[in-house]
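# Fold and contact review
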Amino acid sequence: MVKIIVCIKQVPDPKEFSKITIDPLRKTIVREGIQSIINPLDKHALEEALRIREKHGGRVVVLSMGPPQAIEACREALAFGADEAFLLCDRLLAGSDTLATAYALSKAVRRLKPYSLILCGNETVDGSTGQVPPQLAEFLEIPHVTRVRRIEIGEDEAVVESMLEYGYRVVKVKLPAVLSVVKEINTPRILSVFGIIEASSKKINQWCVSDIDASIDMVGLEGSPTRVTDVFTPEVKRRCEVFSGPVEEAVGKAMRRLHEIGVF
Amino acid sequence: MPGEVWVYAECRSGRLMDVSIELIGGGRRIADKIKAQLASIILTDNVGYLANDLISYGVDKVYTVEHPLLKLYQSDLYTDIICKAVLQYSPEILLIGATSIGMDLAPRVAARLKTGLSAHVVGLDVDEYGVLKQIVPGFGGGVMAVVTCPKAKPQMATVRPGVLAKPEKTIRRGEIISIKAEISEEMIKARTLEIIEEKPLGKPLEEAEIVVGVGLGGCKPDTFNLIKELAETLGAAIGGTRPAVDEGYIKEDQMIGQSGKTVRPKIHIALGASGAMQYMVGVMDSKTIIAVNKDPNAPIFKMCDVGIVGDLNDVLPRLIEEIKKLRKN
Amino acid sequence: MPFDFTFTPEQEMLRKAATDFAERDVAPRVEWMDETGETPTELVRKMMELGFGAIVIPREYGGAGLGHIARIAVLEEISRISPALSFCLQIVHLGQSPVIYFGSEEQKKKWLPGMAKGELIATCAVTEPTGGSDVLGIQTTAKREGEYYVLNGRKCFITNVHISNMHGVLAKTGEGPKGLSFFMIEPNTPGVKPGRRENKDGLRGLNTGELILENVKVPRGNMIGGEGDGLRVALTAISNIGRPGVNGVALGIVRRCLEEAAKYSKQRILYGKPISELQAIQWYLAEIYVDYETTRLLTYYAAWLRDKGARCDAENAAGKYYSVEAAVRCAHKLIQIFGGYGVMREIIPQRLLRDAEVLCSAAGTQEIMKLVMLRKALEYSK
């Protein structure tokens, strides 16, 4: 193992999702005042990387693309035990869809050669597309496997278990490869005090678009073939026919209504 | 005439996945609207009757690719074949079912074709210019976005199972075009060695027609017994909220919601659940939601079709009685 | 005094570590601790592994040197789930403090690295059956015999006595205030007998008990400071680590009271609506909130002063005094909000009250706190 790259993303804390509002004019999400965390599945990816390092050696390097505050996520990753962090931060990257994001990340990864393995969380809690890891692999021209719940590292390859709806498939993949992991893979460690103080002596590098030699027309809004044309909170269109009062009556009325609308 | 609308037909162990059939229903509607042909593309080691099935579900054309190496999903080969076929035939739209394999395949295809892809689509429509409007959930389902891919082609989307309606088979004509797969073992860098199935005991939640959801209000021994009786009477699967898991009344894999399963049953009966968003996102696609809760102000009463305000211990026996009566008639 | 109330990234990460530990590892054990009164030694070990024992030990001796604000954040988060376990941790810090503040270079190098790793856990044994507030009345003696002191006596209400392998003991080497000296007893010293385990009605799962010393031979080099420095050593430790520690634990209790009160009052329906819409309950909620903000500010303010190196005995005492009263007050109000359920063993409010009560005489009674504050109050006469 020479280097394991872990891609992490800073996302809003799911515990505060109910506080998220939509800007009706700009049709964007308003995230101010909401706590940010490292995307939960990325933590599993980082944990797996640390375990692989313990067994097979190598360096664990964290790569993130995000706004300036994402530096906190990088610092936390260092406190968990990563050796070095790279934050891709540039206004030009704003508005990137998964393709543009994967492209930018791939240019950053190319600067981090040589590497043996790239680990990602299978999806984020905000966008939940799960598209970046396979697309990153495509830009890097290396293989990928998604929904990985177990990794066995071999000589130049790994044997992994990739979860299906009911069951899994066993995949032998040549390294370097991109593996995106699910929560079943491990239980992430808890930050330790020693990790936190060690983190302050580790390096966080900030890169912009020119540092990674990326084409401007392939990043940000320009480089995104998809567009978000509208954002809204789903309206719940239910009948909302509620029956109360003495139990016999209420149940009777409810059952009759259910029969009328064809349920029972 | 605009390019074709393609739907990817995923098959495992020689069977078509349900979502691929659903895609034909949705794809047909879209193809008709933009006056295009609907085609399916299928990769397998043995096409057999599958192409004919696809045609009877509603496609005008089936592109088949048959090769022993395609027996199990191999991302390198599948991506290569689909991309080459797309470059050759230039479809307008490509829809793939959002299964675990679909979600492994679609992003790579989209990246190679440098086109746009949206994920877990829950609503699909097309406008008069042929622009596909894709409705996708975000933030655990609390927010919806409408995504389009205005310039790049094909416009790609992965569609969630259960969103589109499965069409009926009819007698139809269609074209079967077999594509030669120019593939070799050397191309495989991520090799699927085998597939191991682990069918769950009992009916999995996602497939049940009726799902009973247990909330904190149902977490008492006698109440839970009543809930079990109701589920048995209805032949329903039992799921529940995170608090119900914490209280030990249901298992982790029965948990429904943001960090659990998503169910799309015909009937969902929420018992003693307040209607917290983290739970509701898992049941929002149910056809009918029935709720029982003793709190008249519980948020769930604004998110159900029929609600009963009352103590579960009083309501459930009567509910069970009424259902048994209906069954007899 | 311009204030910046933001926590540093390190402090935030430390708080997160403590919260994750508390919610994931501690929460499942809380009921067992309260029922059996047993100490979860594997959780104590986990805390040491995570480095929570190293927070106030300076970096050059293998500690984290993260300071007092960081320490309070950790105590608060753990206490929110288990005040008993949080108090255990705070006493681990207390046991280190005589060495940190008054230890010689040799003593620091000898013990602090092991303490930082949690391999050495020390008590701070001051109180005796003859009194805690009346510290000059202690009877444990330390007789000089050549290169050793021989200690005889009995301490009580000593926290962590059964899980510690070292003991910091205050003993009489002479008469009067200058007649007390402080000794560190190393592991496996003969004559050291942890005694009866005390059966408390609150902070159950916190190990407290008697420490019996029978002809314990302690080398001269294990005395902290010189002969007669003992009172200063003990009181400095208690004032700067012990009292703020109680503060942090009480803060966790107050916060938990606020969280439980808010949650329950929104869920509980009476008269057809949530009780959070009833004025009587609203007043309770507002009062608990004020107590929470005040406790929080006092606690972190005193910690901030300490991090700046300022003397803050009065502030530490004020914090302990206020926070403990607030914890008892808020827990009592929480029970009222829960009504009959509030005193049921399976539900949390009664446990919070029992835990808060036990804090009252920790690190000095409320009355002693007033004496400490009095000195500062009188300074304003100028």
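Positions within a chain are numbered from 1, following the residues in the order the chain's sequence is written. Each chain is given a letter, starting from A, and each ligand a number, starting from 1, according to the order in which they appear as written. Where local features are concerned, this predicted model is filtered to residues with pLDDT of at least 70; where side-chain atom pairs are given and counted, the filter is 80 or more; whole-chain, interface and lining totals use all residues. Hydrogen atoms and water are omitted, and side-chain values are computed over all heavy atoms in the structure.

## Some thoughts on the overall build of chain C
Put simply, DSSP H or I for four residues or longer makes a helix, DSSP E for two residues or longer makes a strand, and each gets a number counted from the N terminus. Of the regular secondary structure elements, chain C holds 11 helices and 10 strands. We compute the radius of gyration from the C-alpha atoms alone; for a globule the expected value is 2.2 Å times N to the 0.38, where N is the number of residues. For chain C, the C-alpha radius of gyration of 21 Å lies close to 21 Å, the compact-globule estimate for 382 residues. A 1.4 Å probe rolled over the protein chains alone gives each residue an accessible area, and that area as a share of the maximum for its type sets the label: buried under 20%, exposed over 50%, partly exposed in between. A buried classification covers 56% of the 382 residues belonging to chain C. Restricting to contacts in chain C with at least 6 residues of sequence separation, those with at least 24 account for 74%. Residue contacts follow a heavy-atom distance rule, with two residues in contact if any of their heavy atoms lie within 4.5 Å.

## Quick look at the sheet that holds strand β1 (residues 3-8) of chain A
Strands are treated as partners if at least two bridges between them are detected by DSSP. Taken in spatial order, the 10 strands of this open sheet run β13(A)-β7(A)-β6(A)-β1(A)-β8(A)-β12(A)-β9(A)-β10(A)-β11(A)-β13(B), and their pairing is mixed. What marks the edges here is a single partner per strand, and that holds for β13 (203-207) of chain A together with β13 (190-197) of chain B. Pairs of neighbouring strands in the sheet enclose a mean axial angle of 30°, with direction left out of account. Examined bridge by bridge, strand β9 (residues 144-153) of chain A and strand β12 (residues 177-181) of chain A share 3 bridges and lie parallel to one another. Opposite Val 148 of chain A, over in β12 of chain A, you have Val 181 of chain A as the bridge partner. Between N-to-C directions, angles span 0 to 180 degrees; the directions come from axes that are lines fitted to C-alpha atoms, helices contributing only their stretch in contact.

## Digging into the confidence of the model for chain C
By definition, pLDDT measures how confident the predictor is in each residue, and it falls between 0 and 100. Chain-level pLDDT for chain C is 94 on average; 100% of the residues reach the 70-or-more range. Scoring the predicted complex yields pTM 0.87 and, for the interface, ipTM 0.91.

## A few points about unusual backbone geometry
Residue Pro 114 of chain A is reached from Lys 113 of chain A by a cis peptide bond, and omega for that bond is 0°. Among the structural elements, Pro 114 of chain A can be located in the loop between α3 (98-111) and β8 (117-121). Pro 154 of chain B follows Lys 153 of chain B through a cis peptide bond whose omega is -5°. Relative to the elements of secondary structure, Pro 154 of chain B occurs in the loop between β10 (143-148) and β11 (155-159). Of note in this structure, Ser 128 of chain A is not a glycine but carries a positive phi near 50°. Assignment of secondary structure puts Ser 128 of chain A in the loop between β8 and α4 (132-140). The residue Ala 363 of chain C is not glycine, and still its phi comes out positive at about 55°. If you trace the backbone, Ala 363 of chain C turns up in the loop between α10 (348-359) and α11 (366-379).

## Observations concerning the domain arrangement of chain C
It is common to report an interface's size as the accessible area lost on association of the parts. All names here are of chain C. By domain assignment, chain C separates into domain 1 (9-117), domain 2 (122-226) and domain 3 (232-375). Distance between the C-alpha centres of domain 1 and domain 2: 22 Å. In this complex, domain 1 contributes 26 residues to the contact, which on the side of domain 2 involves 20 residues. Accessible area that two parts lose when put together, with a 1.4 Å probe and added across both, is what the buried area reports. Summed over both sides, the interface between domain 1 and domain 2 buries roughly 1,800 Å², with carbon and sulfur atoms accounting for 66% of that surface. Counted as salt bridges are all cases of a side-chain nitrogen of Lys or Arg within 4 Å of a carboxyl oxygen of Asp or Glu. The tally of links between domain 1 and domain 2 comes to 1 salt bridge. For the salt bridge of Glu 186 with Lys 110, the shortest nitrogen-to-oxygen distance reads 3.3 Å. By the criterion applied in these results, polar contacts are pairs of N or O atoms within 3.5 Å in which, for protein atoms, one can donate a hydrogen and the other can accept it, and in which residues neighboring in sequence qualify only through two side-chain atoms. Our count for the contact surface shared by domain 1 and domain 2 stands at 8 residue pairs in polar contact (both at pLDDT 80 or more). Of all the elements, helix α5 (residues 83-102) adds the most residues to the side of domain 1 that touches domain 2, at 11 residues. Lys, Arg, Asp and Glu make up the charged group, whereas Ala, Val, Leu, Ile, Met, Phe, Trp, Tyr, Cys and Pro make up the nonpolar group; the residues left over, Gly among them, are polar. Residue classes in the side of domain 1 that touches domain 2 are distributed as 15 nonpolar, 7 polar and 4 charged. The source of the domain bounds is an automatic or database domain assignment.

## Concerning helix α5 (residues 221-234) of chain B
Residues and elements named next belong to chain B. Helix span, as expected, comes to 1.5 Å for every residue beyond the first. For α5, with 14 residues, the first-to-last C-alpha span of 20 Å sits near the 20 Å given by 1.5 Å per residue. Taken residue by residue, α5 has Thr 223, Phe 224, Leu 226, Ile 227, Leu 230, Ala 231, Thr 233 and Leu 234 as its buried positions. In the segment just after α5, Gly 235 is the residue with positive phi, at about 70°.

## With respect to the environment of Cys 208 of chain A
Tracing the backbone shows Cys 208 of chain A in the loop between β13 and β14 (227-232). Excluding residues that lie within four positions of it along the chain, Cys 208 of chain A makes contacts with Leu 88, Cys 89 and Asp 90 of chain A.

## Comments concerning the packing of aromatic side chains
Note on ring pairs: Phe, Tyr and Trp rings are taken, using the six-membered ring of Trp, and paired if centres are within 6.5 Å. Classes follow the plane angle, with under 30 degrees stacked, over 60 edge-to-face and the rest tilted. Throughout the structure, instances matching the rule amount to 12 aromatic pairs over all chains. Summarising the aromatic geometry, the rings of Trp 6 of chain B and Tyr 63 of chain B are spaced 4.8 Å apart at their centres and angled 40° between planes, so their arrangement reads as tilted. Taken together, the residues Trp 6 of chain B in strand β1 (residues 5-9) and Tyr 63 of chain B in strand β5 (residues 61-66) connect sequence positions 57 residues apart. Tyr 63 of chain B carries the same exposure label as Trp 6 of chain B, and that label is buried. A ring has a charge above it when a Lys NZ or an Arg CZ is no more than 6 Å from the ring centre and no more than 35 degrees off the ring normal. The ring of Tyr 322 of chain C is capped by Arg 329 of chain C, whose NZ or CZ atom sits 5.5 Å from the centre of that ring.

## Concerning the domain arrangement of chain B
Residue and element names in this part refer to chain B. Taken domain by domain, chain B comprises domain 1 (5-187) and domain 2 (205-328). A separation of 35 Å is found between the C-alpha centroids of domain 1 and domain 2. Between domain 1 and domain 2, the contact holds 5 residues from the first and 5 residues from the second. There are 1 salt bridge connecting domain 1 and domain 2. One salt bridge in this structure joins Arg 160 and Asp 285, with 3.9 Å as the shortest N-O distance. Counting across the domain 1 and domain 2 interface gives 1 residue pair in polar contact (both at pLDDT 80 or more). Broken down by class, the residue content of the side of domain 1 that touches domain 2 amounts to 1 nonpolar, 3 polar and 1 charged.

## Let's talk about the interface of chain B and chain A
Taken together, the contact pairs 79 residues of chain B with 71 residues of chain A. Roughly 6,200 Å² of surface becomes buried between chain B and chain A when both sides are summed, with 62% attributable to carbon and sulfur atoms. Considering only the surface of chain B that becomes buried against chain A, Arg 108, Phe 139 and Lys 189 of chain B emerge as the three largest contributors, covering 13% of it. Counting across the interface, chain B meets chain A through 7 salt bridges. Of the charged contacts, one joins Arg 318 of chain B and Glu 248 of chain A as a salt bridge, the two residues approaching to 3.2 Å between their closest N and O atoms. Elements with a contribution of two residues or more to the side of chain B that touches chain A: α4 (102-112), β7 (117-121), β9 (132-138), β10, β13, β17 (288-293), β18 (306-309) and α8 (312-328) of chain B. Looking at which element gives the most residues to the side of chain B that touches chain A, the answer is β13 of chain B, with 8 residues. Here the side of chain B that touches chain A is built from residues that sort into 42 nonpolar, 17 polar and 20 charged. Relative to β10 of chain B, β14 of chain A runs antiparallel, the two sharing 5 bridges. Within β10 of chain B, the position partnered with Arg 227 of chain A by the bridge is Thr 148 of chain B.

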